[in-house]
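Each chain, letter by letter, is given below.
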Amino acid sequence: MPITTRKQSKETGTLGRNIGIDLGTANILVYVEGDGIITNEPSVIAFDYASGEVIATGVMASNMVGKGHHGIKIVSPLNKGVISDIEATKKLIEISLHKIENTNIDITESTLLLCCPSEVTQLERDSFIDLGNKLGVKDVFIEQEVKAGAIGSGLDIFSSTGSMIIDIGGGSTDIGVLSLGDIVVAESNRIAGNYFDNEIMNHLQYVHGLLIGKKTAERIKMEIGSLREKIAEPKQTYASGRDVVTGLPKKITVTETEIRDVLVKPFESIATMVLKVLQNTPPELSYDIIVNGIYISGGGALIDGVDEFLHKRIGMDFHISKRPLTAVVDGTKLLLKNRGSYFVKPTD
Ligand SMILES: Nc1ncnc2c1ncn2[C@@H]1O[C@H](COP(=O)(O)OP(=O)(O)OP(=O)(O)O)[C@@H](O)[C@H]1O
Ligand SMILES: [Mg+2]
């Protein structure tokens, strides 16, 4: 597929642009050529139950999670790396595209790349292309997030040197070995950010008799989540919720060490998955991976000590992406230049 050339609208003088979307379980990010990342917010949408109208998206909708009433329906349209509500997902994409305020952009002459979790079905891919077309974008294509994430992490996936990436997102952990511009071996499971949050909720319920919400669990993970074997001065934070026995509000202190113990088990599963991918990797590429190490992207890469933990289990070098939360949308920049084709190496 050739590199696209841009047409300029005769009437308005506007130009088509490259637009990249990272449609994640936890966050949706939009990149517009020339403007950079224009949207980076939670993939949450709130509807009015009676009218079906959208009342909030992004941070505003996310702040409503666990606090709503019968009149509001709060939806995270992607769950565990798959689309659980296709209509709400489409709405989220539609609203994100409407945020492109730059009046110099002609959407009909633009190219849209949508990066989806690996388990999105062909039917869902087709319906996104359809939606893009309905919104006026003629040129729409879909890529797997692990491919964009590898590029956004600085890996040259177009060379014959093999590279390996682990993307620990909100809904899924995706692992890919890439060479010559495409995925050679891939594996995915649902042990990722939301799963860690659930494990924290279960721990607090069974050990401390405290029921907490998802947002509180996520905050605890972000504040004191760690995989370090030796923690010299363990950090601590608070957790507030409802006492399991009395039903009354309760606040307790939670330590970094106990959260570490909660996180170790799911990360052992991720290490097992990494080993499986390594065992299925063609030998020539295995050597490249030994030399270059394995990159980690996605929000889960921000858990303190994840590289050290995996290094101890697997014995190879692990590197955290420079910008783990934006690696996928950063990668769309290059993929948009050659439409993801492995025949054309992007020049930038
Ligand atoms: N500092 C942090 N420490 C630990 N976890 C974090 C941190 N920042 C974000 N996260 C977690 O990372 C996850 C979101 O990561 P990311 O944006 O990469 O996911 P996503 O792309 O939306 O999901 P997916 O790729 O699975 O569809 C959330 O679970 C969030 O709690
Ligand atoms: Mg992601």
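So, how was this worked out
Residues numbered from 1 in each chain as written. Chains lettered and ligands numbered in written order. Predicted model: local features only at pLDDT ≥ 70, side-chain atom pairs only at ≥ 80, totals over all residues. Heavy atoms only, no water. Helix = DSSP H or I, 4+ residues; strand = E, 2+ residues; numbered from the N terminus. Rg over C-alpha atoms; globule rule 2.2 N^0.38 Å. Buried < 20%, exposed > 50% of the residue type's maximum accessible area, 1.4 Å probe, protein only. Contact = heavy atoms within 4.5 Å. Areas by Shrake-Rupley, 256 points an atom, 1.4 Å probe, with all protein chains shown as cover. Lys, Arg positive; Asp, Glu negative; His and termini not counted. Charge placed at Lys NZ, Arg CZ, Asp CG, Glu CD. Patch = residues over 30% accessible without salt bridge, like charges linked within 9 Å, V, L, I, M, F, W, Y side chains within 5 Å. Salt bridge = Lys/Arg side-chain N within 4 Å of Asp/Glu carboxyl O. Pairing = 2+ DSSP bridges. Axes fitted to C-alpha atoms, helices over the stretch in contact; angles between N-to-C directions.

What is the right way to read the overall build of the protein from this model?
Broken down by element type, the protein carries ten helices and 18 strands. Relative to its length of 348 residues, the protein is compact, with a C-alpha radius of gyration of 21 Å against a globular reference of 20 Å. Seen through its C-alpha atoms, the protein measures out along the principal axes to roughly 70 × 60 × 35 Å. Out of the 348 residues belonging to the protein, those deemed buried represent 51%. A separation threshold of at least 6 residues defines the contact pool for the protein, and within that pool the share at least 24 residues apart is 62%. For the protein, the exposed surface amounts to about 16400 Å²; the carbon and sulfur share of it is 52%. If you average the places of the 36 positive and of the 44 negative side-chain charges in the protein, the two averages end up 2 Å apart.

I tried to follow a nonpolar patch on the surface on my own but got confused; where do I start?
A cluster of nonpolar side chains, contributed by Leu-211, Val-244 and Val-245, occupies part of the molecular surface with about 270 Å² of accessible area. Note that Leu-211 resides in strand 14 (residues 210–211).

Is there a simple way to explain the environment of Asp-126 in this structure?
With respect to the helices and strands, the residue Asp-126 is situated in helix 3 (residues 122–134). Classification of Asp-126 by relative accessible area gives partly exposed; the value is 39%. Between the C-alpha atoms of Asp-126 and Thr-332, which are 206 residues apart in sequence, the distance is 19 Å.

Explain the sheet that holds strand 5 (residues 54–57) to me, please; I cannot follow it from the model alone.
The pairing of strands in a sheet comes from backbone hydrogen bonds and takes either a parallel or an antiparallel form. Taking strand neighbours across the sheet as the criterion, the three strands line up as 5-4-6 in an open arrangement whose pairing is antiparallel. For this open sheet the edge positions go to strand 5 and strand 6 (72–75), each flanked by a neighbour on one side alone. In this sheet, adjacent strand axes meet at a mean angle of 20° when their direction is disregarded. As paired elements, strand 4 (residues 45–48) and strand 5 share three bridges and run antiparallel to each other. In the sheet register, Phe-47 faces strand 5, and the bridge partner there is Val-54. The strands touched by helix 2 (residues 86–98) within the sheet are strand 4, strand 5 and strand 6, with strand 4 carrying the most contacts at an inclination of about 110°.

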